[in-house]
Amino acid sequence: MNLIFRPATLNDIPALLQLEQAVVEAERPFNPQIKHSGAWYYDLPALIAQDDSLLLVAVHADQIIATGYVQIRATKPALTYRQHGYLGFMYVAEDFRGQGINQQLMQNLITWAQERGVSDFHLDVYAGNEAAIRAYEKAGFKPCLMQMTLHQE
Ligand SMILES: CC(C)(COP(=O)(O)OP(=O)(O)OC[C@H]1O[C@@H](n2cnc3c(N)ncnc32)[C@H](O)[C@@H]1OP(=O)(O)O)[C@@H](O)C(=O)NCCC(=O)NCCS
């Protein structure tokens, strides 16, 4: 398959906004509190333009079929490392899943951050998102912090 990985550009934003909604819809079953309209996750112009982040897209037949970003963030002072690469906007179009595309994309993001002195990586994933958890575990990630929520009126 002819697949090109490249950094996203501002021209990609209309397509990326649609894929962002695909991530929102994929996560909706795991969190009933996600808004039904106006649920936006990412600051796309910043992720594209800022020096401390890389938003990558995978393109097949002129269509963006996968996305993901790494952003270098300051870590909690109590940890042994000063900064980490935060991974997000992990998305692969349904017809292309299970072919290792997310693995390749994550490896590109991790390498980019390593070249900038980053050795530790974090991401958030819903506990029920088994496909995503398996994909991340295959890339070497291990569960760490669990967020607990309470809705009480
Ligand atoms: C999570 C996601 C990005 C993974 O992308 P991918 O390219 O399919 O992942 P990979 O092929 O690199 O992942 C490898 C592993 O993921 C698991 N996996 C991927 N798709 C799966 C599916 N549909 N069902 C079950 N497991 C799946 C498998 O264990 C697979 O390993 P295998 O190839 O040895 O079977 C993709 O499923 C997706 O876009 N999901 C919807 C959006 C989403 O939930 N994003 C995550 C937000 S945290």
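Just above, that's the structure.
Below or above, wherever it landed, is the structure these notes cover. (Residues numbered from 1 in each chain as written. Predicted model: local features only at pLDDT ≥ 70, side-chain atom pairs only at ≥ 80, totals over all residues. Heavy atoms only, no water.)

Concerning the side chain of Asp12
(1) Moving on: Residue position: Asp12 is located in the loop between strand E1 (4-7) and helix H1 (13-27).
(2) Moving on: For Asp12, a relative accessible area of 9% puts it in the buried group.
(3) Moving on: Reaching out from Asp12, the side chain makes a polar contact with the backbone nitrogen of Thr9 at a distance of 2.8 Å.
(4) Moving on: For Asp12, the residues in contact, after removing those within four places along its chain, are Arg6, Pro7 and Ile64. (Helix = DSSP H or I, 4+ residues; strand = E, 2+ residues; numbered from the N terminus. Buried < 20%, exposed > 50% of the residue type's maximum accessible area, 1.4 Å probe, protein only. Polar contact = N/O pair within 3.5 Å; in protein donor to acceptor, adjacent residues only side chain to side chain. Contact = heavy atoms within 4.5 Å.)

Some words on the pattern of salt bridges
(1) Moving on: This model, assessed by the stated rule, comprises 3 salt bridges.
(2) Moving on: Note that Asp12 is salt-bridged to Arg6, the shortest N-O span being 2.7 Å.
(3) Moving on: Across the pair Glu115 and Arg116 runs a salt bridge, and its minimum N-O distance is 3.9 Å.
(4) Moving on: Using a relative accessible area of 61% as the deciding quantity, one classes Glu115 as exposed. (Salt bridge = Lys/Arg side-chain N within 4 Å of Asp/Glu carboxyl O.)

Regarding the site of the ligand
(1) Moving on: Around the ligand sit 21 residues in total, of which Met90, Val92, Gly98, Gly100 and Lys138 are the nearest.
(2) Moving on: Arg97 places a polar side-chain atom, nitrogen or oxygen, 3.4 Å from an oxygen atom of the ligand.
(3) Moving on: Considering the ligand on its own, with 900 Å² of exposed area, one finds that the protein chains cover 77% of that surface.
(4) Moving on: Of all the elements in the fold, those that place two or more residues in the shell around the ligand are H1, strand E4 (83-92), helix H3 (101-114) and helix H4 (130-138).
(5) Moving on: In terms of residues, the shell around the ligand owes the most to one element, H4, which gives 6 residues.
(6) Moving on: Along the lines of polarity and charge, the residues of the shell around the ligand split into 10 nonpolar, 6 polar and 5 charged. (Near = heavy atom within 4 Å. Areas by Shrake-Rupley, 256 points an atom, 1.4 Å probe, with all protein chains shown as cover. Nonpolar A, V, L, I, M, F, W, Y, C, P; charged D, E, K, R; others polar.)

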